[in-house]
Structure formats: structure tokens, C-alpha cells
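# Analysis of the macromolecular model
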Amino acid sequence: MDDSPTPDLVPFTIDLTREEARRRAEVMAALGPDWDPVAALRSEEAAHALLYSGLSEEQERTYAMLVAAGVLPGRDAGDAAAH
């Protein structure tokens, strides 16, 4: 006699390792052979610097408050992992 509370359920597991490898391969193929991750990071940093340039005094104070609260990364975070 089966004493389990849900005798009709069958355990089901699935290994997504192959699917994840395929997905990553597709992403790399879509990026193409000319993709340069260092250039992409430099472009991101330049865009970030431009985004927060030319702020008024009040905007600077708000920006500093958000950085201190950890909402925004600092201007010279220098580490993508810190974002």
C-alpha cells in the first residue's frame, strides 16, 4: 500500500545542460566574429559618463545621494561587477 500523500504524482527531472550550451552557442553566433567585448565595455563606460555629465548642482546632489545609497554605481567604479 502506498502511504504517500500524492500517489498519482511521478517525480520528474530534466537536465537543461545541453539546452544551455546550445543557447550560449546561438548567442555567440548571433554576436558574430567581429564582436569585441572590450570595445563594447568601453562604449558602455563612455555612454555612462555622458549620461551623467553636465548635471546641475541639485542633480549632482541627487546623483551623489543615489550612489551613496547603492542605487547607482559611482562614476569611477572601474569594475563592471560592481554595477
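Scoring rules and cut-offs
- Residues numbered from 1 in each chain as written.
- Predicted model: local features only at pLDDT ≥ 70, side-chain atom pairs only at ≥ 80, totals over all residues.
- Heavy atoms only, no water.
- Helix = DSSP H or I, 4+ residues; strand = E, 2+ residues; numbered from the N terminus.
- Buried < 20%, exposed > 50% of the residue type's maximum accessible area, 1.4 Å probe, protein only.
- Areas by Shrake-Rupley, 256 points an atom, 1.4 Å probe, with all protein chains shown as cover.
- Patch = residues over 30% accessible without salt bridge, like charges linked within 9 Å, V, L, I, M, F, W, Y side chains within 5 Å.
- Salt bridge = Lys/Arg side-chain N within 4 Å of Asp/Glu carboxyl O.
- pLDDT = per-residue confidence, 0-100.
- Contact = heavy atoms within 4.5 Å.

Turning next to the overall build of the chain. Within the chain, the regular secondary structure consists of 3 helices and 0 strands. Counting helices and strands in the order they occur from the N terminus, the chain gives α-α-α. By the burial criterion, 4% of the 83 residues in the chain qualify as buried. Only carbon and sulfur atoms are counted for the fraction: they give 59% of the accessible area of the chain, which is about 7,500 Å².

A contiguous nonpolar surface patch, about 360 Å² in accessible area, is contributed by V27, M28, L31 and W35. Considering the arrangement of structural elements, one finds L31 in helix α1 (residues 17–31).

Before going further, it helps to spend a moment on the pattern of salt bridges. For side chains bearing opposite charge, pairing can occur when the charged atoms are close. As enumerated under the stated definition, the model contains 4 salt bridges in all. Residues R22 and E19 are paired through a salt bridge, measuring 2.6 Å at the closest nitrogen-oxygen approach. Of this pair, R22 and E19 both sit in helix α1, 3 residues apart, which is roughly one turn of that helix. Taken together, the shared-partner salt bridges connect E20, R23 and R24 into one network.

Per-residue confidence for the chain gives a mean pLDDT of 86; residues scoring 70 or more make up 86%. Mean pLDDT per element in the chain: helix α2 (residues 37–51) is the minimum at 92, and α1 is the maximum at 95.

Once that is clear, we can look at the environment of L72. Note on placement: L72 falls in the segment after α3 (57–68). Excluding residues that lie within four positions of it along the chain, L72 makes contacts with Y52, Y63, L66 and V67.

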